[in-house]
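Summary of the model geometry
Below are the chains, spelled out letter by letter.
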Amino acid sequence: MSTDSGSSQPPKKHFWRKKQKELTVDDITIVDADMLKRAVGAAALGNAMEWFDFGVYSYLAVTLGKVFFPGGNSAAQLLATFGAFAAAFLVRPVGGLVFGPLGDRIGRQKVLAITMIMMSIGTFCIGIIPGYDSIGIFAPVLLLVARLVQGFSTGGEYGGAATFIAEYSTDNRRGFMGSFLEFGTLGGYLLGAGLVTILTAAMSEETLLSWGWRIPFFIAAPLGLFGLYVRLKLEETPAFQKHMEKQEALEHSKPRLTLLQMLSKYRAQMLKCIGLVLLFNVSNYMLTSYMPSYLTGILGLSEMSSLLLILVVMFVMMPLTLFWGHWNDRLGRRPVIWAGAIGLIVLAVPCMMMIGSGNMWLVFLGLIVLGVIHTCFSGSMPATLPALFATDIRYSALAIGFNLSVSLFGGTTPLITTWLVATTHNLMMPAYYLMGAGVIGVITVFTLRETARKPLTGSAPAVANEAEAHKLVKKLRLRQQKKDAAALNKPE
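Worth saying up front: this structure is predicted, and the values here are computed from it rather than measured.

Cut-offs and rules
- Residues numbered from 1 in each chain as written.
- Predicted model: local features only at pLDDT ≥ 70, side-chain atom pairs only at ≥ 80, totals over all residues.
- Heavy atoms only, no water.
- Axes fitted to C-alpha atoms, helices over the stretch in contact; angles between N-to-C directions.
- Helix = DSSP H or I, 4+ residues; strand = E, 2+ residues; numbered from the N terminus.
- Parallel < 35°, antiparallel > 145°, perpendicular 65-115°, else oblique.
- Left-handed = near helix turned anticlockwise from the far one by under 90°.
- Contact = heavy atoms within 4.5 Å.
- Nonpolar A, V, L, I, M, F, W, Y, C, P; charged D, E, K, R; others polar.
- pLDDT = per-residue confidence, 0-100.
- Buried < 20%, exposed > 50% of the residue type's maximum accessible area, 1.4 Å probe, protein only.
- Polar contact = N/O pair within 3.5 Å; in protein donor to acceptor, adjacent residues only side chain to side chain.
- Salt bridge = Lys/Arg side-chain N within 4 Å of Asp/Glu carboxyl O.
- Core = buried A, V, L, I, M, F, W, Y, C linked by side-chain atoms within 4.5 Å.
- Patch = residues over 30% accessible without salt bridge, like charges linked within 9 Å, V, L, I, M, F, W, Y side chains within 5 Å.
- Areas by Shrake-Rupley, 256 points an atom, 1.4 Å probe, with all protein chains shown as cover.
- Lys, Arg positive; Asp, Glu negative; His and termini not counted.
- Charge placed at Lys NZ, Arg CZ, Asp CG, Glu CD.

With that settled, consider the packing of helix H15 (residues 267-298) against helix H22 (residues 429-446). Running from N to C, H15 and H22 point in directions that differ by 160°, and their axes come no closer than 8 Å. In this view, H15 runs roughly antiparallel relative to H22, as classed from their interaxial angle. Crossing handedness for the pair H15 and H22: left-handed. Here Lys272, Gly275, Leu276, Leu278, Leu279, Val282, Ser283, Met286, Tyr290 and Tyr294 of H15 come into contact with H22, specifically with Pro430, Tyr433, Leu434, Ala437, Gly438, Ile440, Gly441, Thr444 and Val445. Considered class by class, the residues forming the contact of H15 with H22 number 13 nonpolar, five polar and one charged.

This prediction gives the protein a mean pLDDT of 86; 93% of its residues lie at or above 70. Counted against residues more than four places away or in other chains, residues 1-19, with its pLDDT under 50, gives 15 contacts.

What follows concerns the environment of Thr375. As for its position among the elements, Thr375 is in helix H18 (residues 360-378). Given the relative accessible area of 0%, Thr375 is considered buried. Along the backbone, Thr375 and Ile337 are 38 residues apart, and their C-alpha atoms lie at a distance of 9.3 Å. Within the structure, the side chain of Thr375 is placed 3.4 Å from the side chain of Trp324, a separation counted as a polar contact. At 2.5 Å, the side chain of Thr375 and the backbone oxygen of Val372 are in polar contact.

Inspection of every chain in the model, using the stated rule, returns eight salt bridges. We note a salt bridge from Arg147 to Asp53, for which the minimum N-O separation is 3.0 Å. A residue pair is termed long-range when its members are at least 10 positions apart, and Arg147 in helix H7 (residues 138-154) and Asp53 in helix H1 (residues 33-59) qualify at 94 residues. The buried category is assigned to Arg147, whose relative accessible area is 1%. Owing to a relative accessible area of 3%, Asp53 belongs among the buried residues under this scheme. Residue Asp104 is joined to Arg108 by a salt bridge in which the shortest nitrogen-to-oxygen separation is 2.8 Å. Through salt bridges with shared partners, one network takes in Asp104, Arg108, Glu167 and Arg394.

Attention now moves to the nonpolar core. One finds Met291, Leu367 and Leu385 to be the most contacted residues of the largest nonpolar core, which totals 119 residues. Among the elements that take part in this core, H15 stands out by supplying 16 residues, more than any other. Those residues within four positions of Leu367 in sequence are excluded, and the remaining contacts are Leu287, Met291, Leu295, Leu309, Ile310, Val313 and Ile355. The next biggest cluster of nonpolar side chains, apart from the first, holds six residues, and it includes Met49, Ala113, Ala220 and Leu228.

Quick look at a nonpolar patch on the surface now. A cluster of nonpolar side chains, namely Val94, Leu97, Val98, Leu259, Leu260 and Leu263, defines an oily patch on the protein surface of about 490 Å² accessible area. Put simply, the parts of the chain that give the nonpolar patch at least two residues each are helix H4 (92-106) and helix H14 (259-265). As for its position among the elements, Leu263 is in helix H14. Overall, the relative accessible area of 32% leaves Leu263 in the partly exposed class.

Running from N to C, helix H5 (residues 108-126) and H7 cross one another at 160°; their axes reach a closest spacing of 8 Å. It follows from the interaxial angle that H5 and H7 lie roughly antiparallel. By crossing handedness, the relation of H5 to H7 is classed as left-handed. Residues Thr115, Met118, Met119, Gly122, Thr123 and Ile126 of H5 lie in contact with H7, whose contacting residues are Leu143, Ala146, Arg147, Val149, Gln150, Phe152, Ser153 and Thr154. Looking at side-chain class alone, the contact of H5 with H7 contains seven nonpolar, six polar and one charged residues.

Glancing now at a positive patch on the surface. Taken together, the side chains of Arg173, Arg330, Arg449, Arg453, Lys454, Lys471, Lys475, Arg479 and Lys483 make up a positively charged region of the molecular surface. Broken down by element, the positive patch gets its largest block of residues, four residues, from helix H23 (residues 466-489). One can find Lys471 in helix H23.

Quick look at the side chain of Thr417 now. Secondary-structure assignment places Thr417 in helix H21 (residues 413-424). By relative accessible area, which is 0% here, Thr417 ends up buried. If sequence neighbours within four positions are ignored, Thr417 has contacts with Met286, Tyr290, Pro430 and Tyr433.

Take a look at the structure:
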């Protein structure tokens, strides 16, 4: 081993080069509790708005097929309706490409206000489109246009909302706070689906087909205005504010990465994001968007029975989502997501066998098991996905990765499984599709690093109060002293 000139002792492997600046209380973000609650509520409300539309669209799929597409083959009408549903997902990556970089440039809060306006307009417009009997081919064309507006706006919604909550939350409770985003998803879906169920029970089939189906879409306008008001009252996230302050303090701000540069530099994180979102959304859309029509159109259950079954399952899933949000802060994100992925692989076939039996109790049990498995993802993903990326590109990367995966694998789930069942006449195809998603999920989780109770990449630690900040500084100081001592005493 070489030595420094004039020294009889070898250097200690340049340990001093690895020593970082000591963290102080001033470096730690102390989260305002009231602002955090408002941020979580506003983000969850937007997700609820998005899924209100999904619940309405899924539960009215058969009716919408009759309204907007030519009569004759009911299976073809259902397939066309899901085709329009899937088309909105194909444009979501475009929305992510627009709104993601915009959110990293002008702020999360402003972009989330814009997406709220566009989602409301798209949903409301579906309610005023005349049917096929009135304007012919223009009816499905206008439906498609409205769905594309929705898809474009939602391209910036989930990534922004998840980023917003993650950057506002404390490190120790990011999983629990993030789970309220999916709590809002289920709440919005329940509201939309519940409203359709009430209309179906209260109206004759002719009345529902004539004008009753329009009512849920009209409700989007006041919901959107309220959501917009709430979001405009919010402040920007502490993490983004500090990032912008650092940028302004530099003489030459850090140049922004182009899309290709970002995809290249963060290729591994992007692939992990796509794999996690695939797992999350295949189970999501299978349960929430495909199952209502599967129960009615394939198994022959009455519309009211299938609607009520899914509603009860969604209601059970709401507290379970918060439950897993709480526990992934303690157990870790990886074990919880892993449990759900393995659950899909092992239990998808038994669940579909129970659902396919036609026995109401077995159908309900199969749906409940799938719902419980899905809550492992819904309670964990809102905190797991934003932690993959640094503050300066978090909105962009998450919006692009999330929407690319949703477009290719999530939103197309109802369309692909409908086609697979119709082509193969094998009612177990949905189970095999879920198992495939589970396998990809297990592989993806294996590559993740644990992020529970840790600061977001590129952000300072975030705590609830000053006492926690002092405690954290003391803890980190002791840890660093132990590392320094170990490095100095390490034998050459």
